[in-house]
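Structural description and commentary
What follows is the residue order along each chain.
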Amino acid sequence: MKQTKQYSAYFLLLILHFLLSGYARGTFVTFYISNKCPFPIWPATAANAGQPVVAEGGFFLPSGQTKRIVAPYKWSGRVWARTGCNFTSHTKPICETGDCGGRLACNGVIGLPPATLVQVSVQSDNSKPNYYDVSLVDGYNLPVSVAARSLDSKCSIGGCSKKLNSLCPRELQVLNSQGKVVACKSACLAFNHDLFCCMNDYGSPDKCKPNMYSNMFKNACPSYYSYAFDTPAPLVSCTSSEYVITFCPSKWGQHSPI
Ligand SMILES: *[C@@H]1O[C@H](CO)[C@@H](O)[C@H](O)[C@H]1NC(C)=O
């Protein structure tokens, strides 16, 4: 009888041990979304088909603040930031950039381009690398950096070395109601031409080459995808389980730890 009790206590501890170590290892990946912009932003997430909504799809993030969000293993999707939102206004779109049907919580709805996109593909278990990149294929609104929280340098995607909105040529500009450039369309988005979108006759890397617009994007933000077949592909793979995504990283350049 006494022995049975001892065994069951041991068994309980064993279960507890597995539960706790499982929790410590995590079955999810953590993202710290940080706003270093001198203005508020409304970060948003949208999952790829079949994946769950993360952080309700969107939230408010005042200047200088960081929010922790988690995505389960196998999650893939995008993270972007909306700017200039006014949810009490009746004008459409509610946000000057990245708007998702005027809602605070996008709940799976993708944002209106142009917006700088962080594209993420999370591992199926903790031994495999996560893949991510930053894409300007649909255009740009804010600079962003991505880094492992451990600051492993091979895991990091730097910000931009130039302010793309101030360099944006007139034909690609998105203006707010005050006439300020708040985003810059990609040539694909602005002209919807196969040549710029790398579609149909131009649908392969040898047919779709950089152009003066994509070169301008590459020059300002060298670590991002400047067009669909950017080479070498600025895709990062990293086995960390904690990442920092910083909007407006310091000096429009390197990422900064939280
Ligand atoms: C938001 O919109 C409302 C209604 O149009 C307006 O009264 C208010 O001033 C706006 N707020 C900001 C911060 O622009």
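Higher on the page you've got the structure.
Presented here is an overview of the structure given in this document. Each residue is numbered by its place in its chain's sequence as written, counting from 1. This being a predicted model, a pLDDT of at least 70 is required before a residue's local features are given, and a value of 80 or more before pairs of side-chain atoms are given or counted; all residues contribute to the totals for chains, interfaces and linings. Heavy atoms throughout the structure, all of them, feed into the side-chain values; hydrogens and water do not.

Once that is clear, we can look at the overall build of the chain. Only DSSP runs of H or I with at least four residues qualify as helices, and only runs of E with at least two residues qualify as strands; both kinds are numbered from the N terminus onward. Across its full length, the chain holds five helices and 12 strands. When a residue's accessible area, from a 1.4 Å probe over protein chains only, is under 20% of the maximum for its type it is buried; when over 50% it is exposed; and in between it is partly exposed. Counting every position in the chain, which comprises 258 residues, the buried fraction comes to 44%. As displayed, the chain offers around 13,500 Å² of accessible surface, 57% of which is attributable to carbon and sulfur atoms. We get accessible surface area from the Shrake-Rupley algorithm with a probe of 1.4 Å; when it comes to residues, only the shown protein chains can shield them.

Attention shifts here to the state of the cysteines. Throughout, disulfides are identified as pairs of cysteine sulfur atoms within 2.5 Å of each other. Evaluation of the coordinates by the stated rule reveals eight disulfides. The disulfide partner of Cys160 is Cys221, and the S-S distance across this bridge is 2.2 Å. Taking the torsion about the S-S bond as the criterion, the Cys160 to Cys221 disulfide, at about 100°, is right-handed. Pair noted here: Cys160 is in the loop between β8 (144–148) and α2 (164–167) and Cys221 is in the loop between α5 (212–220) and β11 (236–238), with a separation of 61 residues, a long-range link. Cys188 shares a disulfide with Cys197; S-S distance 2.1 Å. One quick way to see it: the torsion about the S-S bond of Cys188 and Cys197 is about 105°, and its sign makes the bridge right-handed. When its relative accessible area of 18% is taken as the criterion, Cys188 is described as buried.

Turning next to the pattern of salt bridges. What makes a salt bridge here is a side-chain nitrogen of Lys or Arg within 4 Å of a carboxyl oxygen of Asp or Glu, nothing more. Scanning all chains against the criterion turns up four salt bridges. Lys128 is the partner of Asp125 in a salt bridge, and the nearest nitrogen-oxygen pair spans 2.6 Å. On the basis of relative accessibility, which here comes to 25%, the residue Asp125 falls in the partly exposed class. The closest approach of N and O atoms between Arg149 and Glu242, which form a salt bridge, is 3.5 Å. With Arg149 in the loop between β8 and α2 and Glu242 in strand β12 (residues 242–247), this residue pair connects regions lying 93 residues apart in the sequence.

Another aspect to go through is unusual backbone geometry. Cis geometry is adopted by the peptide bond preceding Pro93, which originates at Lys92 and carries an omega value of -10°. The omega torsion across Thr231 and Pro232 is -10°, close enough to zero to call that bond cis. Summarising the element assignment, Pro232 is placed in the loop between α5 and β11.

The four strands lie next to each other as β3-β1-β12-β8, forming an open sheet whose pairing is mixed. Two strands lie at the open edges of the sheet, namely β3 (66–72) and β8, each paired on one side alone. Neighbour to neighbour, the strand axes of the sheet diverge by 20° on average, direction disregarded. Pairing between two strands is assigned when DSSP locates at least 2 bridges connecting them. Pairing of strand β1 (residues 28–35) with β3, which is carried by seven bridges, proceeds in the antiparallel orientation. By the bridge assignment, Tyr32 is partnered in β3 with Arg68. A fitted line through C-alpha atoms serves as each axis, taken over the contacting stretch for helices, and the angle formed by two N-to-C directions is quoted from 0 to 180°.

Here the focus is a nonpolar patch on the surface. Put simply, a patch holds well-exposed residues, over 30% relative accessible area, that have no salt bridge, with like charges counted together within 9 Å and Val, Leu, Ile, Met, Phe, Trp or Tyr side chains within 5 Å. On the surface, Phe60, Phe87 and Leu104 cluster together into a nonpolar patch covering about 260 Å² of accessible area. Of note, Phe60 is situated in the loop between β2 (42–47) and β3.

Function-wise, these values are silent; they only describe arrangement.
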